[in-house]
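Coordinate inspection notes
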Amino acid sequence: MATTPVLSGFELPLEPRLPRIGSVDEVAVEERAASLARRSIKRESKLFALELAIRMTDLTTLEGQDTPGKVAAICSKAVRPDPADATVPSVAAVCVYPNLVPSAVARLEGTGVKVASVATAFPSGQSPTDLKVRETEEVVAMGADEVDMVIDRGAFLSGRYAKVYDEIVRVKEACGDAHLKVILEVGELGTYDNVRRASILAIAAGADFIKTSTGKLPQAATLAVTLVMLEAIRDVHDETGRKIGMKPAGGIRQSKQAVQYLVQLYETLGPDWLTPDLYRLGASTLLNDMLMQIRKEKTGRYQSPDYFTID
């Protein structure tokens, strides 16, 4: 039986007791995000934060020239980020295109590092729903532990919220035991109100994680937009007790940024979310900077960037 919609004006069968959308105070959100970004952590906590950020990293390669060999190299780095320091932890997952899932699965078997695959006509989301569902079923059958889907922003921005909701529901069903991350592509949503609306819509449809961006647009994750999404997660948890994961992605390239995102996470959702099970950082270039910072914290001197592999 359909419940009373919490998305004002939407005719959707959504979960009961979810918070109403409301509007986002743009000034307050940006001030809060800036304030959290200025907070410092003690030097002895920095190493812990950097190693936690590595354990939360989804090491990603999503380029047209990707090959099984490149995926093999990235998988090796995912398992052992710093070959000279075995204490540096493995990353959370390696994210690849669907046809490279078997290569990643073969390389990561038994390591504890997950295999994530983009799907649903990444990055545009512009294909028929049946094709999106079929692609999801195929990547899961090939061994993907996690699926990163994109919402149909055209449908969302034209007010066809039921289409977006129904697609997420169907893709979630196709995932089976695999976790579903729903990418909003915040750079195309236009407003914080739309980001909050899309976040709650995705959560109501069954997302295990909500994710900011594909990484294919100049406008990607920011602390302010991530805060809007974290607050949506917090409000749903307060209302239902359900814990949803968060993944900022795109444009996070420096260790300082990673620490800022962790501070924001802690201050908004608390220590329960300080785990790769509930928080990920989407990155292709961040890892090396974190490795350099860890080496500095341990030895007192910077290592040349050339010391670490690019892949």
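Structure report, in brief. Starting from 1, residues in each chain are numbered consecutively following that chain's sequence as written. Thresholds applied to this predicted model are a pLDDT of at least 70 for local features of residues and 80 or more for the giving and counting of side-chain atom pairs; totals over whole chains, interfaces and linings are not thresholded and use all residues. Computation of side-chain values: all heavy atoms of the structure, hydrogens and water removed.

The term salt bridge refers to a side-chain nitrogen of Lys or Arg lying within 4 Å of a carboxyl oxygen of Asp or Glu. Scanning the model with the defined rule gives 24 salt bridges in all. The partner of R39 in a salt bridge is E267, and the shortest N-O contact between them spans 3.0 Å. Of this pair, R39 sits in the loop between α1 (26-37) and α2 (43-55) while E267 sits in helix α10 (residues 255-269); the two residues are 228 residues apart in sequence, bridging distant segments of the chain. For R39, a relative accessible area of 38% corresponds to the partly exposed category. Taking the relative accessible area as the measure of exposure, E267 reaches 33% and is therefore partly exposed. We count a stretch as a helix when DSSP gives it H or I for four or more residues in a row; a strand needs E for two or more, and each element gets its number in order from the N terminus. Only protein chains enter the accessibility calculation, which uses a 1.4 Å probe. A residue is then buried if its area is under 20% of the maximum for its type, exposed if over 50%, and partly exposed in between.

Time to look at the pairing of strand β4 (residues 146-150). Successive side chains on a regular strand alternate, one facing one side of the sheet and the next facing the other. With five of five residues buried, β4 is to be regarded as a mostly interior element. Burial of the side chains of β4 extends over both faces: E146, D148 and V150 are buried on one face and V147 and M149 on the other. Any two strands between which DSSP finds at least two bridges are classified as paired. Of the pairings in the sheet, the one linking strand β3 (residues 114-119) to β4 comprises four bridges and is parallel in character. Directly across from A119, in β4, lies its bridge partner M149. This β-α-β element, β3 to helix α5 (residues 129-141) to β4, shows right-handed connectivity. Judged from the five bridges that link them, β4 and strand β5 (residues 179-183) form a sheet pairing that is parallel. Call a crossover right-handed when, viewed with both strands pointing away from you, the route from the first strand across the helix to the second goes clockwise.

A contiguous patch of negative charge, built from D25, E26, E30 and E31, is present on the exposed surface. Here E30 lies in helix α1. Look at E30 and you get partly exposed, because its relative accessible area is 36%. What goes into a patch is any residue over 30% in relative accessible area without a salt bridge, connected to like charges within 9 Å or, for nonpolar side chains (Val, Leu, Ile, Met, Phe, Trp, Tyr), within 5 Å. Every accessible area reported is derived by Shrake-Rupley at a probe size of 1.4 Å, with residue values counting cover from the shown protein chains alone. We score Asp and Glu as negative and Lys and Arg as positive, and we do not count His or the chain ends. All charge positions are set by atom: Lys at NZ, Arg at CZ, Asp at CG, Glu at CD.

Right, let's talk about the nonpolar core for a bit. Formed by 85 residues in total, the largest nonpolar core has its most connected members in I168, V182, L184 and Y279. The element contributing the most residues to this core is helix α9 (residues 223-240), with nine residues. Whether two residues are in contact is decided by their heavy atoms, any of which lying within 4.5 Å being enough. Once residues lying within four places of it in the same chain are set aside, the contact partners of I168 are M149, I151, L180, V182, A202 and A205. Among buried residues, those of type Ala, Val, Leu, Ile, Met, Phe, Trp, Tyr and Cys that are joined through side-chain atoms within 4.5 Å constitute a nonpolar core. Counting seven residues, the second largest nonpolar core, distinct from the first, contains L62, V118, F122 and I183.

Let us now look at the side chain of D289. The residue D289 is located in helix α11 (residues 286-299) in this model. Although D289 lies buried, it forms no salt bridge, and the closest oppositely charged side chain, K46, sits 8.2 Å away as judged by the N-O distance. Excluding residues within four positions of it along the chain, D289 makes contact with R253, Q254 and S255.

Here the bond from F122 into P123 is cis, since omega is 0 degrees, no more than 30 degrees from zero. Among the secondary structure elements, P123 is positioned in the loop between β3 and α5. For T120, which is not glycine, the phi dihedral falls at a positive 60 degrees. Examined against the element boundaries, T120 turns out to sit in the loop between β3 and α5. In this structure, E185 takes a positive phi of about 55 degrees despite not being glycine. On the basis of relative accessibility, which here comes to 2%, the residue E185 falls in the buried class.

Below, the discussion takes up the sheet that holds strand β7 (residues 245-247). Taken in spatial order, the eight strands make up an open sheet running β7-β6-β5-β4-β3-β2-β1-β8, and their pairing is parallel. Looking at the sheet topology across the chains shown, the edges are occupied by β7 and β8 (281-283). Pairs of neighbouring strands in the sheet enclose a mean axial angle of 25 degrees, with direction left out of account. Note that β5 and strand β6 (residues 209-211) share three bridges and pair parallel. Axes here refer to lines fitted to C-alpha atoms; in helices the fit is confined to the stretch in contact. Angles between the N-to-C directions go from 0 to 180 degrees.

A separate point is helix α4 (residues 101-108). Structural remark: α-helix, 3.6 residues per turn; residues separated by three or four positions point the same way. For α4, the complete set of buried residues consists of V101, S103, A104 and L108. Taken down its axis, α4 places every buried residue within 160 degrees of arc, on the same side. Turning to α4, the residues buried within the fold contact α3 (68-79), β2 (93-96), β3 and α5. Two residues or fewer after α4 comes G110, characterised by a positive phi angle close to 80 degrees. Working note: the arc is built from the helix axis to C-beta atom directions.

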